[in-house]
Amino acid sequence: MKKFTNLLVKEIRELITKQLVFSLVMFFVLFYFIGQLGKTEARRAAAAQKIAVLDLDESDVSQKLVQSLRPLYQVEAAKETSQEAAVNALRGSTTNFLLVIPAGFGESVARFEAKPVETFTFMRSFSLGAGRNSAVFRAVLTALNNYMSDEYLKQKIAGVAPENLKNPIKSKDFVIVKDRMAEGSAADITGFVFSQSVFIPVILMMIIIYSAQMVISAIAMEKQNKTLETLLTVPIRRTSIVTAKMLAAGLVGLLSAAIYMLGFRFYFSGFTGDMRAGTDVSQIIHKLGLALDAKALIVLGVSLFFAILCALAMATILGVLAEDFRSAQSLVMPMVFLVMIPYFISFFADFRTLSLPVKLFVLAIPFSHPFLAIQNIMLENYQPVIFGILYMLALFVVLVVIAARIFSTDKVLTMKLRWGRKKVVL
Amino acid sequence: MENILDVQGLRKFFGNLEALKGINFQVGKGEVFALIGPNGAGKTTALRIVATLLSPSDGKVTFLNHDLKKNPDKFRENISYLPEEAGAYRNLRGTDYLKFMARFYSGSEDKEKEFLERAQAIAGLGERLKDKVGTYSKGMVRKLLLARALMTRPALAILDEPTSGLDVINSLEVREIIKRFAREGISILLSSHNMLEIEFLSDRLALIDKGRILDQGTSRELKDKYQGPNLEIVFRSALR
């Protein structure tokens with residue numbers, strides 16, 4: 001055990017280089033900064049917008065129309081007497097929107113031929129926040145149309161609520177998940193679940209790729225620095241050498257992925273965090289049993305753990321083929337592809353609707369199982385998750401046996417991916 | 001002299017290539033035995049097999065009465081191997097590297113301390129041992145590795161081209177260190193294509209070419225047999 005610990009500590013020290021620490025810190029700081037910036041922009045966009053209104057009509061109707069906007073927006077009355085003057089006055093201000101109600105608007109409404117109002121949007125930047133400006137006047141016009149149509153209906157059909165005339169059929173929406181039912185919109189629930197679980201596949205992908213890259217590079221660096229031969233002659237079991245490398249890579253990979261994910265979380269929460277706040281969809285989610293409880297997280301964790309083990313064992317075998325650090329980078333690519341396939345399927349396709357050959361192909365990839373497990377756990381389909389874990393366990397055992405055999409024989413020194421050229425050291 | 005290493009009929013194939021064609025040699029306790037020959041003769045392959053890195057295709061290798069195929073772990077406990085192009089972990093300090101290697105052989109802290117003190121004396125790198133290996137010159141790395149190989153006082157030190165790539169001064173120092181340890185009773189199996197080095201270091205030697213041992217004996221015996229003033233002439237005569 002003492003020898004193994006000695007080896008493990010060395011492996012971890014070799015992996016945690018200044019360059020790695022620097023890149024992780026820089027990544028975290030950068031994404032935290034971008035996230036905070038996004039959060040500020042999102043707050044600004046979510047706040048009540050300032051709208052300047054130039055009422056050239058000054059009729060009773062136009063004044064009521066302006067009053068109807070006050071609960072929704074910060075309405076400022078423009079003091080200018082023409083549209084040109086109002087536009088010029090707002091050029092240097094921070095107000096981005098101008099609504100102009102033309103003269104004769106009230107009379108035209110009385111004839112049910114309302115004159116068009118004019119909207120002016122000041123584009124002061126082209127950032128993501130500024131892009132939201134386009135939605136503001138759409139919302140303003142919807143509010144105005146609602147107000148006007150309500151007024152029309154009140155005049156024509158007195159005693160009936162305009163809402164009952166415009167939308168005579170009401171609906172109560174229910175969502176059913178297995179034996180549970182809750183009142184709510186399917187679109188809202190899908191959106192909420194997606195926003196809450198969007199990180200899980202990204203975490204899975206990053207941990208798997210990171211750990212694999214670590215172990216392939218660790219073996220390749222031993223070869224490049226000519227330290228592997230010495231290590232293989234010291235009195236420690238070859239399986240301990242393999243295990244120490246896998247364990248160290250797994251730990252450092254996990255740590256790196258955690259820092260990356262924390263950075264991503266700050267980044268994404270900057271844009272989505274405030275929008276989710278205050279919704280009652282989460283209550284419906286709990287009622288439907290779609291929230292990931294402790295048991296669900298443990299099962300998901302076990303599934304992920306075995307996927308990482310498979311990745312480490314595969315990477316160990318691939319690492320033996322690498323001659324140096326550069327060739328190790330290209331050997332990571334097959335692993336990346338194997339992770340990307342289930343990653344994209346989890347985002348863009350429904351596994352249940354795939355054809356049988358494609359299903360079998362996806363299931364044969366060990367990394368598919370934690371991706372598929374997320375939805376299965378939410379829907380309480382634990383059987384396929386357990387089968388996935390058992391499959392990964394069996395595959396891991398096979399891969400470790402292969403890796404240990406390679407390390408116990410000449411192959412650890414003689415196996416090389418040299419694209420047709422053979423090299424033997426005599 | 002008691003033999004601690006006995007190699008009989010050793011053969012090694014790499015695919016269809018027969019790198020060793022049934023070689024025999026023995027190394028006695030406290031003896032320096034050298035394999036000399038040109039590049040590609042099979043010296044490194046023979047050393048790698050004894051060091052447990054490669055498995056023999058045929059033949060028998062016995063060390064301290066342990067069979068290589070059956071008990072490679074016993075070999076590893078009692079040998080130390082210095083490969084020709086060996087390196088050390090660049091991110092570790094010299095002392096940390098020596099400590100890391102010492103812990104595989106030492107059962108106690110006292111033993112580890114003893115190994116480290118000996119290694120520091122062999123390496124002769126002084127305060128530079130506190131620096132990271134990545135900052136060392138080639139000569140310094142070689143001395144560090146030699147110190148690593150000898151600090152445990154192994155029953156058999158296997159040294160492949162021990163002065164490879166070193167300048168004259170460093171080569172002389174390394175040869176002196178090897179000679180000193182041999183005098184203290186450590187058996188050494190080494191390879192080199194530097195005939196002068198072999199003549200200076202070895203008690204007995206084997207001339208090897210194309211996977212076969214052409215002849216073996218002491219330097220004096222071989223020079224007498226082939227009527228050569230030095231080992232280079234002896235080797236050329238043996239090839240004929």
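This section reports on the structure supplied with the text. (Residues numbered from 1 in each chain as written. Chains lettered and ligands numbered in written order. Predicted model: local features only at pLDDT ≥ 70, side-chain atom pairs only at ≥ 80, totals over all residues.)

What to know about the overall build of chain A
If you tally the helices and strands in chain A, you get 19 helices and six strands. Expected size for 426 residues packed as a compact globule is a radius of gyration near 22 Å; at 31 Å, chain A overshoots this value by more than 25%. Along the three orthogonal principal directions, the C-alpha set of chain A runs to about 100 × 55 × 40 Å. The 426 residues of chain A split such that 29% are buried. Considering only residue pairs separated by 6 or more positions, chain A has 78% of its internal contacts joining residues 24 or more positions apart. (Helix = DSSP H or I, 4+ residues; strand = E, 2+ residues; numbered from the N terminus. Rg over C-alpha atoms; globule rule 2.2 N^0.38 Å. Buried ≥ 20, exposed ≤ 12 C-beta atoms within 10 Å, placed from the backbone. Contact = placed C-beta atoms within 7 Å.)

Re the interface of chain B and chain A
Facing the 31 residues of chain B at the interface are 24 residues of chain A. Every element with two or more residues in the side of chain B that touches chain A is listed here: β2 (17-28), α1 (43-50), α2 (72-78), β6 (79-82) and α3 (94-102) of chain B. Tallying contributions element by element places α2(B) first for the side of chain B that touches chain A, with three residues.

With respect to the nonpolar core
With 141 residues, the main nonpolar core has A:I208, A:A212, A:I216, A:A311, A:A313 and B:I158 as its most contacted residues. Element by element, the count of residues in this core is highest for helix α14 (residues 294-321) of chain A, at 16 residues. Apart from the residues within four sequence positions on either side, A:A311 is in contact with A:I208, A:S211, A:A212, A:M335 and A:F367. A:A78, A:L90, A:I101 and A:V140 belong to the second-largest nonpolar core, a separate cluster that totals 15 residues. (Core = buried A, V, L, I, M, F, W, Y, C linked by C-beta atoms within 7 Å.)

Describing the sheet that holds strand β5 (residues 66-67) of chain B
Residues and elements named next belong to chain B. Reading across the sheet, the four strands line up as β2-β1-β4-β5 and stay open at both edges, with antiparallel pairing between neighbours. Pairing within the sheet leaves two strands with one partner each, and these edge strands are β2 and β5. Relative to β2, strand β1 (residues 3-14) runs antiparallel, the two sharing nine bridges. Opposite K12, over in β2, you have L20 as the bridge partner. Its contacts with the sheet place α1 against β1, β2 and β4 (58-63), and it is angled at close to 120° to β1. (Pairing = 2+ DSSP bridges. Axes fitted to C-alpha atoms, helices over the stretch in contact; angles between N-to-C directions.)

Some details on the pairing of strand β3 (residues 97-101) of chain A
All names here are of chain A. In terms of burial, β3 is a largely internal element, five of the five residues being buried. By the alternation rule, side chains of β3 split into F97, L99 and I101 and L98 and V100, which are all buried. Taken together, the five bridges between strand β1 (residues 50-55) and β3 define a ladder with parallel strand orientation. Each bridged residue has a counterpart across the sheet, and for V53 the counterpart in β3 is L99. Inspection of the sheet shows β3 paired to strand β4 (residues 118-121) by four bridges, in the antiparallel sense. By the bridge assignment, L99 is partnered in β4 with T119.

A short note on unusual backbone geometry
Residues and elements named next belong to chain B. You will see that T52, though not glycine, has its phi angle at about 75°, which is positive. Taking the C-beta count within 10 Å as the criterion, T52 has 23 such neighbours and is therefore assigned buried. A positive phi angle is found at L64, which is not glycine, with a value near 50°. Among the structural elements, L64 can be located in the loop between β4 and β5. When the 17 C-beta atoms within 10 Å are taken as the criterion, L64 is described as partly exposed.

Here we look at the sheet that holds strand β10 (residues 212-217) of chain B
All names here are of chain B. Taken in spatial order, the six strands of this open sheet run β6-β7-β8-β3-β9-β10, and their pairing is mixed. The sheet is open, and its two borders are formed by β6 and β10, each paired with just one other strand. Ignoring strand direction, the axes of neighbouring strands in this sheet form an average angle of 15°. In the sheet, strand β7 (residues 156-160) pairs with strand β8 (residues 187-192) via five bridges, with the strands oriented parallel. Along β8, the bridge assignment pairs I158 with L189.

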